[in-house]
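Spelled out from the first residue to the last, the chains are:
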Amino acid sequence: MDVMSAIEQRREITSFKDQAIATETLEQLVRAMYLSPSGNNLPSREWIVVTDRDMLSKLSSTTPYMKWLEQAAAGFVIVGNAALSKYWLQDATIAGSFLWLAATSLQLGAAWGAVYHSEDTEESKQRESYVREQLNIPESLRVVAIIGVGHPAHEPAPKQMYPPQRVVSYEQYEMKDE
């Protein structure tokens, strides 16, 4: 599958079949993240691949919105190193995007579970501390997200998007009708 097809087919999948992901496929997903760009080519983002069913269940309690992680075949916990690069958040987010598109191209589904909460310091601290405790992540790293990946239980309908004109301007910003 080419990249544009993966972009067009990507959906948030929150219901998974009880089916493991082949080791070689997991390695392809890891490679996709590894090859994602980072500011100044610094290793400012890292990830922990979790396939243990008990740990996925524990991690599903990170927020009230991640219960779907219990069904996922794998969870990719993405962390950023703010001391290494000022672009840690962008780098971690891009790695997650590469993972999601790679998963789609391999006929897998994925869902993004936000851990880092830029607008609520206390909520972010609570979420990040919980994941740190579960996975022995040092305080020096920021926990950005957990992406659950697995074989989709069903294929959701295409998302109804707003018109492109709502978000696209050419040459200079154009005021949009709300």
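Because the structure is predicted, anything quoted here is derived from the model rather than measured.

Cut-offs applied
- Residues numbered from 1 in each chain as written.
- Predicted model: local features only at pLDDT ≥ 70, side-chain atom pairs only at ≥ 80, totals over all residues.
- Heavy atoms only, no water.
- Helix = DSSP H or I, 4+ residues; strand = E, 2+ residues; numbered from the N terminus.
- Buried < 20%, exposed > 50% of the residue type's maximum accessible area, 1.4 Å probe, protein only.
- Lys, Arg positive; Asp, Glu negative; His and termini not counted.
- Salt bridge = Lys/Arg side-chain N within 4 Å of Asp/Glu carboxyl O.
- Polar contact = N/O pair within 3.5 Å; in protein donor to acceptor, adjacent residues only side chain to side chain.
- Pairing = 2+ DSSP bridges.
- Axes fitted to C-alpha atoms, helices over the stretch in contact; angles between N-to-C directions.
- Contact = heavy atoms within 4.5 Å.
- Expected span 1.5 Å × (residues − 1).
- Arc of directions from axis to C-beta.

> Where do I start with the side chain of Lys176 in this structure?
With respect to the element layout, Lys176 can be found in the segment after strand E4 (142-150). The side chain of Lys176 sits in the buried core without any salt bridge; Glu174 is the nearest counter-charge, 5.4 Å away. Only 2.5 Å separates the side chain of Lys176 from the side chain of Ser169, close enough to count as a polar contact. Among the polar contacts made by the side chain of Lys176, one reaches the main-chain carbonyl oxygen of Glu174 at a distance of 2.9 Å.

> What exactly am I supposed to notice about the sheet that holds strand E3 (residues 109-114) here?
If you trace the four strands from one edge of the open sheet to the other, you get E1-E2-E4-E3, paired in antiparallel fashion. Only two strands of the sheet have a single neighbouring strand rather than two, namely strand E1 (45-50) and E3. The mean angle between the axes of side-by-side strands here comes to 20°, regardless of whether they run parallel or antiparallel. Note that E3 and E4 share six bridges and pair antiparallel. Across the sheet, the residue bridging to Gly109 is Gly150, located in E4. Helix H2 (residues 23-34) contacts E1, strand E2 (74-80) and E4 of the sheet and is inclined by roughly 165° relative to E1. Relative to the sheet, helix H5 (residues 121-135) contacts E1, E2, E3 and E4, its axis offset from that of E4 by approximately 65°.

> Explanation requested: the environment of Pro152 in the structure shown.
Structurally, Pro152 is set in the segment after E4. For Pro152, a relative accessible area of 15% gives the class buried. Among residues more than four places away in sequence, those in contact with Pro152 are Ile13, Ser15, Phe16, Lys17, Gln107, Leu108 and Gly109.

> Before we go on, may I ask you to explain the pattern of salt bridges in this structure?
Two side chains bearing opposite charge may form a pair once their charged atoms approach each other closely. The final tally for this structure, using the stated rule, is three salt bridges. Between Arg127 and Glu123 there is a salt bridge; the shortest N-O distance is 2.9 Å. With Arg127 and Glu123 both in helix H5 and four residues apart, this pair spans about one turn of that helix. Using a relative accessible area of 22% as the deciding quantity, one classes Glu123 as partly exposed. In this structure, the salt-bridge partner of Glu128 is Arg132, at a minimum N-O distance of 3.5 Å. One end of the pair, Glu128, and the other, Arg132, are both in helix H5, four residues apart, so they sit about a helical turn from each other. Take Glu128: its relative accessible area is 2%, and that puts it in the buried class. Taking relative accessible area as the criterion, Arg132 reaches 8% and is therefore assigned buried. Through salt bridges with shared partners, one network takes in Glu128, Arg132 and Arg142.

> Sorry if this is basic, but what is going on with H5 here?
One turn of an α-helix holds 3.6 residues; hence residues three or four places apart share an orientation. Here H5 spans 21 Å end to end across 15 residues, near enough to the 21 Å set by a 1.5 Å rise per residue. Residues of H5 that are buried: Ser124, Arg127, Glu128, Val131, Arg132, Gln134 and Leu135. Seen along its axis, H5 keeps its buried residues to an arc of 165°; they face one direction. Among the exposed residues of H5, those pointing more than 90 degrees away from its buried face are Glu122, Lys125, Gln126 and Glu133. Where H5 is buried, its residues meet E1, helix H3 (53-59), E2, E3 and E4. Asn136 sits one or two positions beyond H5 and adopts a positive phi of about 60°.

In short, geometric facts, not functional conclusions.
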